[in-house]
Amino acid sequence: MDEKITWWERFEHGSLYVALLAAWIAMAGSLYFSEVAGYIPCKLCWYQRILMYPLAGVLAVGLLRRDRHLPVLVLPFSLLGQGVSTYHYLLQKTTLFSEAATCEIGVPCTTMWINWFGFVTIPFLALVAFTIITACCLIALNAGLPDEEMTTATPWVPVVAIPVAVVLAFVLLARVNAQGHEEALAAPAAIAAPAAFPTLIPTRADGPVEPARADIAVVTQGEGLYREACAACHGQDARGVANLGPSLVDSAVILEGEAQAAVAFIRKGVALDDPANTTGLVMPPSGGRPDLSDQQLLAIVEYLRARAVVP
Ligand code: HEC
C-alpha cells in the first residue's frame, strides 16, 4: 500500500485531535491576551469566545466517548465562529461596514491590540482556529470514522495530553511575562521619567493661551478621528473613562513638549509591563488603529491641545 495514503488515512481518523488542539490553543491564547497581557475583549471578541470555549470541552468529551456525531455537533459552532471572526476582521481592516456600529460602549471592535506583520490581529487568529476546526470536522465526517479504527485507539492519551501541554505552555508564558514585569518595575531609571518633562503647561488660570496655534482644519480633522479611535476609552470629552483610559485634558504627554513626541508615545502605546504604565491598564499601540498616519495622530494631538486650552 502507498505510504502517503496510509498517512492520510491515519490523519482522517485523527483529525478531531487536531481540532481539539486548535480549540485549546485558541482558548489559552485568548485568555493569555486578556488575563496576562491585559487586552480588554470587545463585544465581538466575546461572541467568538462564546463559540470557541465550549469546543475545548465538547471535543474532549466527544473523543473520549468515541461519539460518531461529534463533527456534526462541532460544526455549527465553528462555522458561526468563522462568520463572526471574518466580520470582525473586515471591520478592523476595511471600511466595508459602518464604523464600529456594534461596539459603541467599551473597547471599540476596531481596536487592534496586536497587528503582527501588519495583518495578524486577534480575530485573524480566531478565524484560523475556527477554520482548522471546521476543516478537521469535515475531514472526519467524510472519513466516516469506522468503528474498528476508533475502538482500537486509546483516546484518553491524546485527550489528556493535549490540554495538559497547552495549560503548561500557558503557565510558562504567564510566568515569563510576570518575571519581565517585575524586572521592568525594579529598574530604577524608569521612576525618574515624569520629572524629565519641563513644567510649562499653559493652564486656564494663566488666561487664554494662543488657542489658534493649530490650523482650525487640522483641529476639526483631529476631533473626528479622536471620536472614532480614542473616545471609547478616553471619553467623548477626553476626561477619561473608568477602567478603560485616563483623562487626556490634563495629560502631560499631550500638553508638554513636542507634538511629535506625543505622536511617538501614542504610536508605541503602553504595555502592562511598561515601567511608564500608570493605570495597570493597557493602551494599545496607535490606540489600536495602526492604519492612522503620523499626520492623523498629529491632528488628534492638536485637537486635544486645542480643547485643553479652550474651555
Ligand atoms: C482600548 C482603550 C484605549 C484606546 C482605544 C486608546 N487609549 Fe490611550 N490610553 C489607554 C490607557 C489604558 C492608557 C493609560 C496607560 C498607562 O497606564 O500609562 C492610555 C494612555 C494614553 C495617553 C497618556 C496619558 C498620560 O498622560 O499618561 C495618551 C496621550 C493617549 N492614551 C492617547 C490616546 C489616543 C490619541 C488614542 C486614539 C488614537 C488612544 N489613546 C486610544 C487606553 C486607550
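Residues numbered from 1 in each chain as written. Predicted model: local features only at pLDDT ≥ 70, side-chain atom pairs only at ≥ 80, totals over all residues. Heavy atoms only, no water.

### Focus on the coordination of the iron atom of the ligand
Within the protein, the iron atom of the ligand binds to His-234 (NE2) and Met-283 (SD); these donor distances fall in the range 2.0 to 2.1 Å. Because the angles between the six donor atoms bound to the iron atom of the ligand fall within 86 to 179°, the donor set is best described as octahedral. One end of the pair, His-234, is in helix H8 (residues 231-234); the other, Met-283, is in the loop between helix H10 (259-268) and helix H11 (294-309), with 49 residues separating them in the sequence. The same class applies to His-234 as to Met-283, namely buried. (Donors = N, O, S within 2.8 Å, 3.2 Å for Na, K, Ca; no water. Tetrahedral: all angles 85-135°; square planar, octahedral: opposite > 155°, others 65-115°. Helix = DSSP H or I, 4+ residues; strand = E, 2+ residues; numbered from the N terminus. Buried < 20%, exposed > 50% of the residue type's maximum accessible area, 1.4 Å probe, protein only.)

### Overview of the packing of helix H2 (residues 43-64) against helix H3 (residues 70-93)
Interaxial distance between H2 and H3 falls to 9 Å at its minimum, and their mutual angle equals 155°. Between H2 and H3, the angle is such that the two are roughly antiparallel. Our pair here, H2 against H3, has a crossing hand that is left-handed. Counted together, Leu-44, Cys-45, Tyr-47, Gln-48, Leu-51, Pro-54, Leu-55, Val-58, Leu-59, Gly-62 and Leu-63 of H2 and Leu-70, Val-74, Phe-77, Leu-80, Gly-81, Val-84, Ser-85, Tyr-87, His-88 and Leu-91 of H3 form the full contact between these two elements. (Axes fitted to C-alpha atoms, helices over the stretch in contact; angles between N-to-C directions. Parallel < 35°, antiparallel > 145°, perpendicular 65-115°, else oblique. Left-handed = near helix turned anticlockwise from the far one by under 90°. Contact = heavy atoms within 4.5 Å.)

### Topic: the UniProt feature "transmembrane region" (unreviewed entry) in the protein chain
UniProt annotation of "transmembrane region" (unreviewed entry) refers to residues 16-34, 46-64, 112-141 and 153-174 when read in the numbering used here. Segment residues 16-34 splits into 100% helix and 0% strand. End C-alpha atoms: 27 Å apart. For residues 46-64, helix accounts for 100% and strand for 0%, while the C-alpha atoms at its two ends are 28 Å apart. (UniProt positions renumbered as here; feature names shortened; annotations may be inferred.)

### Observations regarding a nonpolar patch on the surface
A surface patch of nonpolar side chains, amounting to about 570 Å² of accessible area, comprises Leu-64, Trp-156, Val-157, Val-160, Val-164 and Leu-168. When residues of the nonpolar patch are assigned to their parent elements, the largest contribution, five residues, is made by helix H6 (residues 156-186). Positionally, Trp-156 belongs in helix H6. Residue Trp-156 is classed as exposed on the basis of its relative accessible area of 55%. (Patch = residues over 30% accessible without salt bridge, like charges linked within 9 Å, V, L, I, M, F, W, Y side chains within 5 Å. Areas by Shrake-Rupley, 256 points an atom, 1.4 Å probe, with all protein chains shown as cover. Salt bridge = Lys/Arg side-chain N within 4 Å of Asp/Glu carboxyl O.)

### Concerning the site of the ligand
The local shell around the ligand holds 25 residues, among which Cys-230, Cys-233, His-234, Thr-279 and Met-283 are the closest. Interatomic distance of 2.8 Å between a side-chain N/O atom of His-234 and a nitrogen atom of the ligand. Between Thr-279 and the ligand, the recorded distance is 2.5 Å, taken from a side-chain N or O atom to an oxygen atom. At the level of elements, H8, helix H9 (252-255) and H10 are the ones that each hand at least two residues to the shell around the ligand. A per-element tally of the shell around the ligand places H9 first, with three residues. Tallied by class, residues from the shell around the ligand come to 19 nonpolar, six polar and no charged. (Near = heavy atom within 4 Å. Polar contact = N/O pair within 3.5 Å; in protein donor to acceptor, adjacent residues only side chain to side chain. Nonpolar A, V, L, I, M, F, W, Y, C, P; charged D, E, K, R; others polar.)

### Describing the pattern of salt bridges
Considering all chains together, one arrives at five salt bridges under this definition. A salt bridge links Glu-223 to Arg-227; its shortest N-O distance comes to 3.0 Å. Within this pair, Glu-223 and its partner Arg-227 are both found in helix H7 (residues 216-229), separated by four residues, close to a single helical turn. Exposure remark for Arg-227: the relative accessible area of 34% places this residue in the partly exposed category. Where salt bridges share partners, they join Glu-228, Arg-289 and Asp-291 into one cluster.

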